[in-house]
Amino acid sequence: MHILKTLRVKPWLPAELEPQTNLPSALLNKEKSASTALQFFLAVITVVFLLFTITFLQRTQSFDFQALSGEPWLPFTNANILWQNSAYLLLASISIILAKKFAEQQSLYAIIISLTATTLFTLLFISGQVQVWQQLNQSGFYITTNPANSYYFLLTGVHALHIVGGVLVFMRCIWLFYFNLSYQQLASRLKLCARYWHYLFFIWLFLFCLLTSDADTFKTIALICGF
Amino acid sequence: MTKMENVAIADQVDHSSHPSTFMGKYIWSQDHKVIAIQYSITAIAVGLVALVLSGMMRLQLGFPNEFSFIDPSSYLQFVTMHGMIMVIYLLTALLLGGFGNYLIPLMIGARDMVFPYLNMLSYWTYLLSVTVLISSFLVSGGPTGAGWTLYPPQAILSGTPGADAGILLMLLSLAIFIVAFTMGGLNYVTTILQARTNGMTLMRMPLTLWGIFVATILGLLAFPALLVSAIMMIFDKVIGTSFFMPAILSLGETLDHSGGSPILFQHLFWFFGHPEVYIVALPAFGMVSDVISIHARKNIFGYRMMVWAIIAIGGLSFVVWAHHMYVSGMNPYFGFFFATTTLIIAIPTALKVYNWLLTLWRGNIHLTVPMLFAIGFIFTFTHGGLTGLMLGNVVIDLPLSDTFFVVAHFHMVMGVSPIMVLFAAIYHWFPLLTGRFLNNKLGKFHFWGTFLGTYAIYLPMHYLGFLGVPRRYYAMGDTDFIPESAQSLNAGITVSAIIVGLVQVVFIINVIWSTFKGKKSGRNPWQATSLEWQTAQFPPGHGNWGKKIPQVHRWAYDYSVPNVKDDFIPQNVAPKDVEYLADEKNNNNPREK
Amino acid sequence: MTIAIVIILLVIATLLFHFISPWWFTPLASNWQAIDDTINISLWVVGTVFVAVSLFLAFVVFKYRHNKDRRADYQPENSKLEGWLTVVTTIGVAAMLAPGLVVWGEFITVPKNSEIVEVVGQQWHWSYRLPGKDGKLGKTSIKLISEDNPFGLDVNDIYGADDLLVNSNVLHLLIDQPVKAVLRSKDVLHNFAVPQFRVKMDLVPGAVTFVWFTPTKLGRYELLCEELCGIAHFTMRGYIKVDSVSDYQTWLASLPTFTQTLARDTANIEQGKQHYASCVSCHGIDGQGNDAMNAPKLAGLSRWYLHRQLSYFKQKIRGQNNADLYGQQMAAMSALLPDDKAIEDVSAYINSLQSIKSKPVTTGDAIKGKSFYKNCAYCHGEHAQGNFAMNAPKLAGQHAWYLKRQINAYQQGIRGKHPADLYGKQMILMSKSLHDQRAVNDVVSYINSLPSVK
């Protein structure tokens, strides 16, 4: 328990080991800082989705809640299109790692191809999500008709917004690379982007499972959570 | 978070490329010191608006129906805006955006925040949120009058003033504020974790930084709850979903909602709201610890306990939220749990009070203006904390909740106390900003007016609560159980409140006058040990440290170390450079016991 | 130096204020002595700590004030002392918490022999429902609420048929009988609070909450809403009257069951017309009113409002104040209506009369009046058309002189002060937000300028 040890130090006593004096390189430190900040940011996002989830689970037990899958006429009993979207996001996550690898190897064409692939798959994911919204609307599952619908639109919407935010940062990164970023800098930025993409991919998988569960599953979860 | 050992930062010289234009220096500045001042000025300006609003509320309460510009709608709007501005746009922004920004890099020996651009963005986003908030005064229907807790359903139904544009602007402004805070907050924690100078271990940091650090983490994890509830309420209002809205009437008309839970909102709100109390309190705890230690010329007593207490309070603050909801109709069995956690949190808080007292004990107390405010803080905080202990004790809350007792309690603990610290901090660090002292005479006048005045407001207010006078009432009218003398008490409170408000004008004048004409302070006027006073250039310039960032050799509390010549040893003085008293020169390190 | 003395003085002042101040809890009127005891215990604990800490602070500041020749001690920590302080604090906190938890346990355990009464909150009124002979409350739904069924009871639920409805803000309770108040809200959050009973609880729309207590003292207690519920939150008052057995039985007997309220519409317009003959001389054949006779316009007013006001006049609730000359006349005239049936008939007749628009009389500034009127519009409606759900009569089309006189009467407590005037007190409170006669003129001009829509 490193933290506990740190917190038990008596700072008024002379340090047993005078702290090291060699400073890490500026670049390394910057990367480390960005990584720390990203960790905290992911924690913030986790709390957002966690709280949404808790309110959602509580709401699944209200009398007017109609789960979106289970019966044949419900939209996500057959969730093929969502699987397809998941695949896009997975491919985007994979291609962004490849881009980082290629950046380390400094092969420009491979970088360009993999970055394009990432952008493409991410946009496909978002347009796929929009398509699902349209389908829901067309088949009469409006946002206000049922709390399950409200939550579907709300949660996928918030998730999509996070992806869009990621895309903006990603674009800026490409933009900077175009002008003056070194391969090494690009790689370290892409590493963080990749982490963000993976994280959002897992959030998406979680939401996918959550939103397409049927009424019985919710009942079990609610029972376990004690709602 | 895993690697908490001392990590040094590169000496980023490229940062000291100085901006030369006025715009670059003061408007689009990425220098943490300028951003801090921008944050502070904005926060204080909007805080003055809230102060005026509270004055108007007091006029109505003290002299009902005497002032024609206050009707029941505007009264509720004043209540709401006063509360929201004070808690979020003033206290949170000033303590973290202002003091956090100014002090973090200086105290840890960094040249700036690790993400200066993000820092600048954070300020401008904050300014945008303030603008959106203030703009709600101008829209038709005015700002929302839903109370600062914004409880649905009433917050978005037509029986409440500002239920159309007002509430939406409020929620929008909060969402923008949260974005601003997240940008700033990520910066603060990362800077503290990654940019500390050589030798600055976490346990060598001044308590100010510990307070700001833990408060920022609380903010990062708690504000999402407010964001979530704001988004869901906007959906309910604009799109017509039923997250918080059950089947319901509004002024006799049936609405199209069903199944939502208003209590759910309260849980979300207070899951944010209670940590928010500590987001304000912890930086204040930290800063007051440093002020007390420096002006009593004594090390902080029980530094480790103080750090542990800050962490414990921060952790516990996430499991006490429902003590705001004892009479909300939630599952009554929750009462047992939340009463217990609430009273447990009193223990680390009490330890902090003891340690402040024990720091003063056998100290050498200079009764400077910052010290006066710090002593005032200990007094008001003890008072407010103890009444909180009563309210937290679930059954006592039954008669007292929603009465003026609650109002008096949280103003004492969350209004007066942090503001005492803010003033202590402003008087203490003003020389660092300007190289000049604030005027001492005006400062003392300001202290006595504020300290005695606020006590005259809030002590009697508790007794209105005992009587059973409810809060958020525009007028009490004639009632059987409230004697008429209560009205004269209310009038007295109002007079005190007006006086306190006017005394703040003296403070503003003092700040403006002293910035240009104040007595020159010279370098490190309080003879403090912490790094912010040890910069090469004084007041610190762009890049903070000149050519070389400092090397830290000790904790921040080496005051009155026995056998040492001076009564303080700055953190960056190497052991070999410490001057000992002549006759005991041959002693080894005197601190080894 | 000064600060040490001031702190000591503040402690003394605080103690003096505490012991001398006349402002303290109202005398207890329920079984919750335990709450008062817990408060007293806690006050002693926190009071002692407050005095001790403050005096110690003053002492330390005085004793260790700056002295050039002395140096402060250097003492990083003292684990033993801190340990002891932790233990002592924990014990103190536990001592406070324990009685609190015990009493909370009592608070959430409703005694078996308690009677159920439902308290219904809405913006900004109270009403109540008793379960009737079967001891069970019938089902309700927000969707069923209407002018005929303000409680939203389900007609098909047999338990609801004999429920006793109290369409008034006064609830009677039997002394020494434990009560479980079941709380329900039609619109927003409210809070059921009676300071003398000590306990309170929120009313939450979409949920049913409860609170229990035993009233132990005869008397009339004010019921307050203590959860912000909108613009007129401060006017949302009711009364709890604690009765002896015989008074309580009389009151119970006067309450209609749900079935009775449904069957009530038996008004006979023809008979109402005959009764109205004695009103014509002042109020006019078309109910248009007559300023020379100081008679307001009646045509266009809704039945429930006419019925309520006529009953008030007849039961000596309105028109009893000596300053209310014309009210007294009306109170005398109302004696001509022999019973409640007659009042119902005549109300129905007047309601059937065609409303003729009265001449607008402008003495004030209607534009300014509009901004005052926004506070009235919540209940009386944007077009001053009145709103049954808010118990607010129609104002549009009424003569300006009459409106002005009534506002003034409310402001001066001439009208609405009688304890049985259910909603008059609200108007007293609200009317006072018009600060001077000019504001009254302005708002009346604005109301006068509104088209009279039904």
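Structure's up top.
For clarity, every value in this text was computed on a predicted model and none was experimentally measured. Within every chain, residues take consecutive numbers counted from 1 along the sequence as written. Each chain gets a letter, beginning with A, and each ligand a number, beginning with 1, in the order they are written. This being a predicted model, a pLDDT of at least 70 is required before a residue's local features are given, and a value of 80 or more before pairs of side-chain atoms are given or counted; all residues contribute to the totals for chains, interfaces and linings.

Attention now moves to the overall build of chain B. Within chain B, the regular secondary structure consists of 14 helices and 2 strands. Values of the radius of gyration come from C-alpha atoms, whereas the globule rule sets the reference at 2.2 Å times the count of residues to the power 0.38. In terms of overall dimensions, chain B is globule-like: its C-alpha atoms have a radius of gyration of 25 Å, near the 25 Å expected for 593 residues. Its C-alpha atoms give chain B principal-axis dimensions of about 85 × 50 × 50 Å. Here exposure depends only on C-beta density: within 10 Å of a residue's C-beta, 20 or more other C-beta atoms make it buried, 12 or fewer make it exposed, and intermediate numbers make it partly exposed, the C-beta atoms being placed from the backbone. Looking at chain B as a whole, 68% of its 593 residues qualify as buried. Each helix corresponds to a stretch of at least 4 residues labelled H or I by DSSP, and each strand to a stretch of at least 2 residues labelled E; elements are numbered beginning at the N terminus.

Residue and element names in this part refer to chain C. In this scheme, strands are said to pair when DSSP sees at least two bridges between them. Across the sheet, 5 strands lie side by side as β4-β10-β9-β6-β7; this open sheet has mixed pairing. The sheet terminates laterally at β4 (170-174) and β7 (200-203), the two strands that pair on one side only. Ignoring strand direction, the axes of neighbouring strands in this sheet form an average angle of 25 degrees. In this structure, strand β6 (residues 190-193) lies alongside strand β9 (residues 219-225), joined through 2 bridges in antiparallel fashion. Bridging across to β9, F192 finds its partner in C225. In the packing of helix α5 (residues 245-253) onto the sheet, contacts are made with β4 and β10 (237-243), and the angle to β4 comes to roughly 135 degrees. Here an angle of 0 to 180 degrees is reported between the N-to-C directions of two axes, which are lines fitted to C-alpha atoms, with helices fitted over the stretch in contact. Contacts here follow a simple rule: the backbone-placed C-beta atoms of the two residues must lie within 7 Å.

Residue and element names in this part refer to chain B. Expected helix span is taken as 1.5 Å per residue step, with the number of steps being one fewer than the number of residues. Counted at 1.5 Å a residue, the expected span for helix α3 (residues 72-108) with its 37 residues is 54 Å, and the 50 Å between its end C-alpha atoms agrees. In this analysis the local bend is the angle between axes fitted, respectively, to the seven residues ending at and the seven residues starting at the residue. Of all the bends in α3, the greatest, near 45 degrees, is centred on G100. For α3, the buried fraction is high: 37 of the 37 residues fall into the buried class.

All names here are of chain A. Contact geometry of helix α4 (residues 108-138) with helix α5 (residues 147-179) gives a least axis separation of 11 Å together with a crossing angle of 160 degrees. Relative to α5, the element α4 lies roughly antiparallel. The element α4 and its partner α5 pack so that their crossing is left-handed. Along the contact surface, α4 presents L115, T122, F125, I126, Q129, W133 and L136, while α5 presents N149, F153, T156, A160, I163, V167 and I174. Roughly parallel refers to an angle under 35 degrees, roughly antiparallel to one over 145, roughly perpendicular to one between 65 and 115, and oblique to any angle outside these ranges. Two helices cross in a left-handed way if the nearer one is turned anticlockwise from the farther one by less than a right angle. They cross in a right-handed way if the turn is clockwise.

It is common to give the size of an interface as the accessible area lost on bringing the parts into contact. Contacts between chain C and chain B engage 97 residues on the former and 101 residues on the latter. Elements represented by at least two residues in the side of chain C that touches chain B include exactly α1 (2-20), α2 (33-63), α3 (79-107), β7, β9, α12 (366-380) and α14 (424-431) of chain C. Split by residue class, the side of chain C that touches chain B holds 54 nonpolar, 25 polar and 18 charged. Residue polarity follows a fixed list, in which Ala, Val, Leu, Ile, Met, Phe, Trp, Tyr, Cys and Pro are nonpolar, Asp, Glu, Lys and Arg are charged, and the others, Gly among them, are polar.

What follows is about the sheet that holds strand β5 (residues 179-185) of chain C. All names here are of chain C. Strand order in the open sheet made by the 5 strands is β3-β2-β1-β5-β8, with mixed pairing throughout. The two strands at the open ends of the sheet, each matched to only one other strand, are β3 (164-166) and β8 (209-213). With direction set aside, neighbouring strand axes in the sheet form an average angle of 25 degrees. Relative to β8, β5 runs antiparallel, the two being bridged by 5 bridges. The residue bridging A181 from the neighbouring strand is V211, located in β8.

Attention now goes to the environment of P338(C). Residues and elements named next belong to chain C. Secondary-structure assignment places P338 in the loop between α10 (325-333) and α11 (340-352). A count of 10 C-beta atoms within 10 Å places P338 in the exposed class. In sequence terms P338 and H275 are 63 residues apart; their C-alpha atoms lie 9.7 Å from each other.

Because the α-helix completes a turn every 3.6 residues, residues three or four places apart line up on one side. Residues and elements named next belong to chain B. Over its 34 residues, helix α7 (residues 262-295) runs 49 Å from end to end, which matches the ideal 50 Å to within 8%, given 1.5 Å per residue. Most pronounced at W270, the bend in α7 amounts to some 25 degrees. Counting buried positions along α7 gives 32 out of 34 residues, so the element sits mostly inside the fold. Looking at the residues trailing α7, positive phi occurs at R297, about 55 degrees.

Quick look at the nonpolar core now. Residues and elements named next belong to chain B. Nonpolar cores are built from buried Ala, Val, Leu, Ile, Met, Phe, Trp, Tyr and Cys residues. These are joined into a set through C-beta atoms within 7 Å. By size, the foremost hydrophobic cluster in this structure holds 367 residues, and its most contacted members are V288, F373, A374 and A424. Among the elements that make up this core, the one with the highest residue count is α3 (24 residues). Leaving out residues up to four positions away in the same chain, V288 has contacts with A374, F377, V421 and A424.

Purely spatial values, then, with no claim about function.
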